[in-house]
Amino acid sequence: MTKHDIIILGGGAAGFFAAINAAEMEPEAKILILERGKEVLTKVRISGGGRCNVTHAEFIPDELTKNYPRGEKELRGPFHTFMTGDTISWFEQRGIKLKIEDDGRMFPVSDSSETIIDCFLKETQRLGIEILKNHSVQNIEKLTDFWNISTNHGDFPAKKILVATGSNPKIWNLMKKLGHSIEPAVPSLFTFNIKDDRIKELPGLATNAVVKVTLRNSGDLISEGPLLITHWGLSGPAILKLSAWGARHLHDVHYKFQIQVNWVPGFTSEEILEKLTKLKFEHAKQQTSKYAQFELPKRLWQSLVTASGIEEPAIWADLNKNQLLDLKEQLINSTFSVDGKSTFKEEFVTAGGVNLKEVNFKTFESKIAENLFFAGEVLNIDAITGGFNFQNAWTGGYISAKAMTSK
C-alpha cells in the first residue's frame with residue numbers, strides 16, 4: 001500500500017490550492033486528494049453565478065479581516081503572509097488575469113468559473129497530484145508515526161493530512177473523536193422572508209438603505225448597502241451582511257424578529273421633517289405621490305406615501321402634521337416582521353466548525369494532533385459575500401502547504 005506524504009480530504013477550493021502549492025514547494029512529495037463526491041470544485045463552479053468571485057480588492061490585511069464575522073482576529077497574521085495581492089499574482093503567473101468590479105469583487109476576465117477549474121486541474125496533472133473521487137472518509141486514525149484514512153474504497157496511510165472538507169458534519173464528528181471541539185453549525189448568508197403590503201408589488205427593486213435588527217441579549221445589528229426587494233422579502237448585500245454577523249443570534253430566535261429599514265441614509269429625522277414641511281408649502285398643489293423625493297425609486301416612494309395613510313390624489317397642501325410625521329417614520333424607520341429565511345442562491349455558507357483556539361494560525365496545524373492541518377470552511381471561519389470566503393481558502397491552503405512541506 002502506498003504511503004502518501006500528504007493526503008488532502010476534500011476536493012474543493014482550499015484542498016486544490018493546498019495540493020498545488022505543496023507539490024510546487026516539494027516536487028518529490030506524493031500528494032493525494034480524496035473527494036467524496038463524483039465531481040471536484042463544485043462550489044467554485046457555481047460561485048458568483050458561474051463566474052467565480054475569486055477574491056475582493058481589499059489590500060490592507062486589517063481591513064480585509066473586518067469582513068469575517070468569525071475568524072477576524074485569527075486571520076490577521078495569515079493575511080500578512082498571503083492575501084489579495086498574492087492571490088492575484090498566483091493566478092496571473094498561470095495566465096489568468098482578474099478584474100475588479102465596482103463593488104470590489106474580483107472575477108477572472110473570462111467571466112467563467114471554468115477558467116479557474118481548468119487551471120487547477122491542469123496544475124494537478126502537471127504536478128502529478130493524484131485525485132480520487134467517490135471516496136467517502138469513514139474513519140481517521142493516528143497510528144505511531146502516520147495517519148490512516150479509512151474510506152469506502154479501502155485504507156490510505158499518510159504522513160500528514162489536511163482537512164479541507166468544508167461544512168461536513170461527518171468529518172466534524174471524526175475531528176471530535178480526535179479531541180477537537182466543534183462549534184455547532186448554523187446558516188450564514190441568507191435572505192429574510194417578509195410578507196408586507198409595502199413591498200408586495202416591488203420585487204426586483206433595489207436601493208441603498210440602512211437596516212437594523214435589535215435583539216434582546218445582543219444589542220443592535222446594523223448594516224448599510226444595497227437592499228433588494230424580492231418575491232419573498234428582502235435580500236441584497238445589506239441583508240446578507242446582517243445575516244452573517246447575526247448568524248447565531250438570528251438562529252437563536254428561530255428567524256422570527258423585527259427589522260427596521262432606513263430608506264434615506266444620510267438624513268437626520270429633523271432634516272426629513274424639515275424637507276417634507278417645505279414641500280407642503282413650496283409644492284402645495286403638487287400630487288404627493290407623483291414625484292419621488294430623496295432620490296428614491298418612484299414605486300417605493302409611492303408605496304411609502306400610501307403606507308402613511310396618504311391616498312391619491314392628495315396634494316402636499318392637504319397633508320396634516322400627523323401624516324407628515326407618519327411619512328417621515330416610513331422613510332427612516334419602516335419596521336417589518338421577518339418570518340423565516342431563504343438560502344442565498346446556491347452559495348450556502350455556514351457559521352461553525354473546528355474551534356479556532358485549537359489551531360495554530362502560523363501553520364494552520366492542529367494544536368491537538370501533530371501533522372493534522374485545516375483549511376477553508378471546516379474551521380469556524382466564515383465571511384460576508386464578495387469573494388472573502390475564497391480568500392480564506394487560498395490563504396489557509398497556501399500557509400498549510402508551506403507548513404506541511406517544510407516540516
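Scroll up a little and you will see the structure.
The structure reproduced in this document is the subject of the present report.

Rules used in this analysis
Residues numbered from 1 in each chain as written. Predicted model: local features only at pLDDT ≥ 70, side-chain atom pairs only at ≥ 80, totals over all residues. Heavy atoms only, no water. Helix = DSSP H or I, 4+ residues; strand = E, 2+ residues; numbered from the N terminus. Buried < 20%, exposed > 50% of the residue type's maximum accessible area, 1.4 Å probe, protein only. Pairing = 2+ DSSP bridges. Axes fitted to C-alpha atoms, helices over the stretch in contact; angles between N-to-C directions. Left-handed = near helix turned anticlockwise from the far one by under 90°. Contact = heavy atoms within 4.5 Å. Expected span 1.5 Å × (residues − 1). Arc of directions from axis to C-beta. Salt bridge = Lys/Arg side-chain N within 4 Å of Asp/Glu carboxyl O.

Moving on: unusual backbone geometry. Following Glu-312, the chain continues into Pro-313 via a peptide bond in cis, with omega recorded as 5 degrees. The residue Pro-313 is located in the loop between helix 12 (298-307) and helix 13 (321-332) in this model. The phi dihedral of Cys-52 falls on the positive side, at around 65 degrees, and the residue is not glycine. In this fold, Cys-52 is placed in the loop between helix 2 (42-50) and strand 3 (55-56). A residue is classified by how much of its surface remains accessible, and Cys-52, at 0% relative accessible area, is buried. Within the chain, His-254 stands out as a residue other than glycine whose phi angle is a positive 55 degrees. Among the secondary structure elements, His-254 is positioned in the loop between helix 10 (247-252) and strand 15 (256-262).

Another aspect to go through is the sheet that holds strand 4 (residues 98-100). Strand order across the open sheet formed by three strands is 3-5-4, with antiparallel pairing between neighbours. At either margin of the open sheet sits one strand with a lone partner, and together these are strand 3 and strand 4. Sheet topology places strand 3 next to strand 5 (residues 105-108); two bridges connect them, and they run antiparallel. Residue pairing across strands places Thr-55 opposite Met-106, the latter belonging to strand 5.

With that out of the way, let us pick up the packing of helix 1 (residues 13-25) against helix 14 (residues 388-406). One can describe the packing of helix 1 onto helix 14 by two numbers: an axis separation of 8 Å at closest approach and a directional angle of 35 degrees. Classified by chirality, the crossing of helix 14 by helix 1 is right-handed. Facing helix 1, whose interface residues are Ala-13, Ala-14, Phe-17, Ala-18, Asn-21, Ala-22 and Met-25, helix 14 presents Phe-390, Ala-393, Trp-394, Gly-397, Tyr-398, Ser-400, Ala-401, Lys-402 and Thr-405.

Another aspect to go through is the sheet that holds strand 15. With respect to topology, seven strands assemble into an open sheet ordered 16-15-12-13-14-11-17, the strand pairing being antiparallel. Every interior strand has two partners, whereas the edge strands, strand 16 (334-339) and strand 17 (341-343), have only one. With strand direction ignored, the average angle separating the axes of adjacent strands in the sheet is 40 degrees. Sheet analysis places strand 11 (residues 190-193) next to strand 17, joined by three bridges and oriented antiparallel. Looking across to strand 17, one finds that Phe-192 is bridged to Lys-341. Most of the contacts of helix 13 go to strand 15, to which it runs at about 110 degrees, and overall it touches strand 15 and strand 16.

Taking 1.5 Å of rise per residue, 14 residues should cover 20 Å, and helix 11 (residues 269-282) covers 20 Å from first to last C-alpha, within 8% of that figure. For helix 11, the full list of buried residues reads Ile-272, Leu-276, Leu-279 and Lys-280. Down the axis of helix 11, the sector holding all buried residues measures 105 degrees, keeping them to one side. Helix 11 presents Glu-270, Glu-274, Phe-281 and Glu-282 as exposed residues on the side facing more than 90 degrees away from its buried surface.

The subject of this paragraph is the environment of Lys-97. The residue Lys-97 is located in the loop between helix 5 (84-93) and strand 4 in this model. Its relative accessible area of 57% is what places Lys-97 among the exposed residues. Sequence separation between Lys-97 and Val-109 is twelve residues, and the spatial gap between their C-alpha atoms is 5.9 Å. When residues no more than four places from it in sequence are discounted, the contact partners of Lys-97 are Glu-92, Phe-107, Pro-108 and Val-109.

Another point: the pattern of salt bridges. Tallied over the entire structure, the rule returns 22 salt bridges. Notably, a salt bridge pairs Glu-74 with Lys-73, separated by 3.8 Å at the nearest N-O pair. Overall, the relative accessible area of 61% leaves Lys-73 in the exposed class. Ionic pairing is found between Glu-101 and Lys-99, a salt bridge with its closest N-O pair at 4.0 Å. Lys-99 gets classed as partly exposed once you look at its relative accessible area, which sits at 26%. One connected set of salt bridges, linked through shared partners, spans Arg-51, Lys-99, Glu-101, Asp-103, Arg-105 and Asp-111.

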